[in-house]
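Structural overview for review
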Amino acid sequence: MNMPMTQEPLLSLKNVEASYGKKIKALKGVSLEIRRGEIVALIGCNGAGKTTMLKTISGLLPCEQGVITFNDKKISGLPAHQIAQMGISHVPEGRRIFARLTVAENLQMGRFTRRDAGGIERDLRQIFELFPILKERQEQLGGTLSGGEQQMLAIARALMMSPQLLLLDEPSMGLAPVITDKIFEVIGEINRQGRTIFLVEQNASRALEISRRAYVIDQGVITAQNDAKRLLNDPKVQETYLGVA
Amino acid sequence: MSPIVQPATRNGAPGASGAANSASGRNPQLLMFLEQLFNALVLGSIYSLIALGYTLVYGILMMINFAHSEVLMAGAFVGLGVSILITPHLSGWLAMALILLASMAGAGFLGFIIERLAYRPLRRAARLAPLISAIGVSIMITNAVFLWVSKTTLPFPKLMNDRVMRLGFFEASSLQILIFCTAIILLTCLEWLVRRTMIGKAIRACADDLGAASLMGINTDRMIAITFVIGGMLAGAAGVLNGMYYGSIKYNLGFLPGVKAFAAAVLGGIGNITGAVLGGFILGFLEVMAAGYLPNGNQWKDVFAFMVLIGVLLLRPSGILGERIAEKV
Ligand SMILES: Nc1ncnc2c1ncn2[C@@H]1O[C@H](COP(=O)(O)OP(=O)(O)OP(=O)(O)O)[C@@H](O)[C@H]1O
Ligand SMILES: [Mg+2]
């Protein structure tokens, strides 16, 4: 995908600040842009502010300073459900599937606000192709799925919203290598279907391999941004985030 | 004391004492037990309707809606008002249905208003704040009815001839049967709403994880409001059924059934819908059986019911069905 750099960004953050309570400032004026069709990675140490950034974008956390725009519309300040309805779907840290709802009901929640029966049908069929296990387990309670299955359900549920932008917070956390492979494969596939992806990952090398560009965040500040391939080969990034001595 | 704690023998509602007489050749003990059992089902169904309101709200907001008993009371008064208005023109089934619907609508609306004015502004406040707000609302509503409606017990008009009906080999009053059937229909409607409809599923999703539900595009504030309306409607129905059952209502009638239904919700496992219904029926059963079989039972039945409640909670602190699915990380 070679899109011209002048293209209007799908999502843009300008000097965004967010905090927990009065004392902990977790984002200290971050700016970034995500263009249509990209996979952009966000890497950083534990506690750097990655989850906070996604929560601020999706409206789970108020954006205290700065502006967030999506499709040229200001979304900072809107409640989370309105942001979701505009086409941003956030797969949160820890999955947060509905434990006491069945798999089928979890998926129905994803399409809660949609009215296009045909599109819903098509998306559901496609999701069952991506994750056949979910089709078999439709009547099982979400809380009784294995961790990997829950992650698949969380992504599937988000896809049922047919989002333009998918925010993924550590989709590979706690998963066996085969399942991680599967999840990354699916992320690539979703992107090829035209959805833009903003990916937060501890597994920085995997994230950088699949992404086009990446940002590095440290203590609430963006400290680097570049093509993913360049960051992958950057000695400083290698040392800190890729575990290469 | 509010009329609901009186035994089911007042104002023509036949109960324990009338039961043994109807034994015609069969085992009188068994007959009395069966009739007591039916009394328990009737009382239990009313408790269940009320308990659902507590459990639905707790499920979604982790908050005890202490104003719920006043919603129940207000529902009974709306029912009385409408029955005074319409009984000169209408009677029988139609009148009864209208009264029930009006009190459900009135109580549902009151539930909505309470949430909007007393709880929503405190959504992000400390846990204790909405609790205190709830108690304040409860006192306000009770006193508003006390001051502006009536300080004394008002008779609830008889809407139908209360006949004794034979059910198989035991007898029950038609009013009791009507109350029981109405409650069961409402419970079934709620079950269907919560299990099968998108709104119901969204309410359960909100109860699981409000934040995650909002990420699905679900307007969680609206779901919370709907939950209060549903709980209010059930309480309103319970209030009017209760008024019909005992034949009178008073400004403080919400308190005791409110406390008992709350206990029933806790007993079943607060937040659990099936648990609330189960708890309601268990409490009704304990109360009726204590009244019928313990010496001086009528005075001791509440004590007995609450003793059992405490016993169960000591063994199962989260209530009978209050198990949580372990969340995997
Ligand atoms: N709910 C909260 N209350 C208070 N502080 C919080 C809260 N959530 C996060 N923080 C703090 O904000 C900072 C950023 O946290 P955040 O969760 O965004 O980190 P992260 O980059 O996602 O880390 P990880 O890789 O471990 O998930 C941390 O210092 C954290 O302690
Ligand atoms: Mg995180």
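Keep in mind that what you see is a predicted model, and the values were worked out from it rather than measured.

Here the focus is the coordination of the magnesium ion (ligand 2). Perfect tetrahedral coordination of a metal by four donors corresponds to 109.5 degrees between them, and perfect octahedral coordination by six donors corresponds to 90 or 180 degrees. Residue and element names in this part refer to chain A. Here the magnesium ion (ligand 2) is held by the protein donor atoms T51 (OG1) and E93 (OE), which lie 1.9 to 2.4 Å from it. One end of the pair, T51, is in helix 1 (residues 50-58); the other, E93, is in the loop between strand 6 (88-91) and helix 3 (103-110), and 42 residues separate them in sequence. Since its relative accessible area comes to 35%, E93 is described here as partly exposed.

All names here are of chain B. Across chain B, the average pLDDT comes to 87, with 90% of residues at 70 or higher. Predicted confidence for residues 1-23 stays below pLDDT 50, and this span has 48 contacts to residues more than four positions away or in other chains. Within the model, pLDDT remains below 50 along residues 325-329, and this stretch shows 13 contacts once partners closer than five positions in the same chain are excluded.

On to the sheet that holds strand 10 (residues 221-227) of chain A. Residues and elements named next belong to chain A. Overall, mixed pairing links the six strands, which are arranged 6-7-8-3-9-10 in an open sheet. Either end of the sheet is taken by a strand with one partner, and the two such strands are strand 6 and strand 10. In this sheet, neighbouring strand axes are inclined to one another by 15 degrees on average, regardless of whether the strands run parallel or antiparallel. Relative to strand 9 (residues 213-218), strand 3 (residues 39-43) is paired through four bridges, and the arrangement is parallel. Paired with L42 across the strands is Y215, a residue of strand 9. Contacts from helix 6 (residues 147-159) reach strand 6 and strand 7 (165-169), with the element oriented near 170 degrees to strand 6. Lying over the sheet, helix 7 (residues 177-192) contacts strand 3, strand 7 and strand 8 (196-200), oriented at roughly 150 degrees with respect to strand 8.

Residue and element names in this part refer to chain A. Near ligand 1 lie 14 residues; those nearest to it are K50, T51, T52, E93 and Q202. Within the side chain of E93, a nitrogen or oxygen atom sits 2.7 Å from an oxygen atom of ligand 1. Interatomic distance of 2.7 Å between a side-chain N/O atom of Q202 and an oxygen atom of ligand 1. With the chains in place, 64% of the 630 Å² that ligand 1 exposes on its own is no longer accessible. Contributing elements (two or more residues each) for the shell around ligand 1: strand 2 (24-34) and helix 1. Each residue belonging to the shell around ligand 1 can be placed in one class, and the counts come to five nonpolar, six polar and three charged.

If you look at the biggest cluster of nonpolar residues, it comprises 96 residues, and the most contacted ones within it are A:F98, A:M109, B:L49, B:I114, B:Y119, B:L190 and B:I218. Dropping the residues within four chain positions of it, B:L190 is found in contact with B:L52, B:L56, B:I230, B:L234 and B:I273. Ranked by size, the runner-up nonpolar core spans 43 residues in total, among them A:L130, A:L134, A:L199 and A:L231.

For an α-helix, 3.6 residues make a turn, and residues three or four places apart therefore share a direction. Taking 1.5 Å per residue as the helical rise, helix 9 (residues 220-246) of chain B with its 27 residues ought to reach 39 Å, and the 39 Å between its terminal C-alpha atoms agrees with that figure. Looking at the residues trailing helix 9 of chain B, positive phi occurs at B:G247, about 75 degrees.

Our next topic: the pairing of strand 6 of chain A. All names here are of chain A. Residue alternation in strand 6 divides its side chains into two sets, I88 and H90 and S89 and V91, and both sets are buried. Across four bridges, strand 6 lies against strand 7 in parallel orientation. By the bridge assignment, H90 is partnered in strand 7 with L167.

Cut-offs applied
- Residues numbered from 1 in each chain as written.
- Chains lettered and ligands numbered in written order.
- Predicted model: local features only at pLDDT ≥ 70, side-chain atom pairs only at ≥ 80, totals over all residues.
- Heavy atoms only, no water.
- Donors = N, O, S within 2.8 Å, 3.2 Å for Na, K, Ca; no water.
- Helix = DSSP H or I, 4+ residues; strand = E, 2+ residues; numbered from the N terminus.
- Buried < 20%, exposed > 50% of the residue type's maximum accessible area, 1.4 Å probe, protein only.
- pLDDT = per-residue confidence, 0-100.
- Contact = heavy atoms within 4.5 Å.
- Pairing = 2+ DSSP bridges.
- Axes fitted to C-alpha atoms, helices over the stretch in contact; angles between N-to-C directions.
- Near = heavy atom within 4 Å.
- Polar contact = N/O pair within 3.5 Å; in protein donor to acceptor, adjacent residues only side chain to side chain.
- Areas by Shrake-Rupley, 256 points an atom, 1.4 Å probe, with all protein chains shown as cover.
- Nonpolar A, V, L, I, M, F, W, Y, C, P; charged D, E, K, R; others polar.
- Core = buried A, V, L, I, M, F, W, Y, C linked by side-chain atoms within 4.5 Å.
- Expected span 1.5 Å × (residues − 1).

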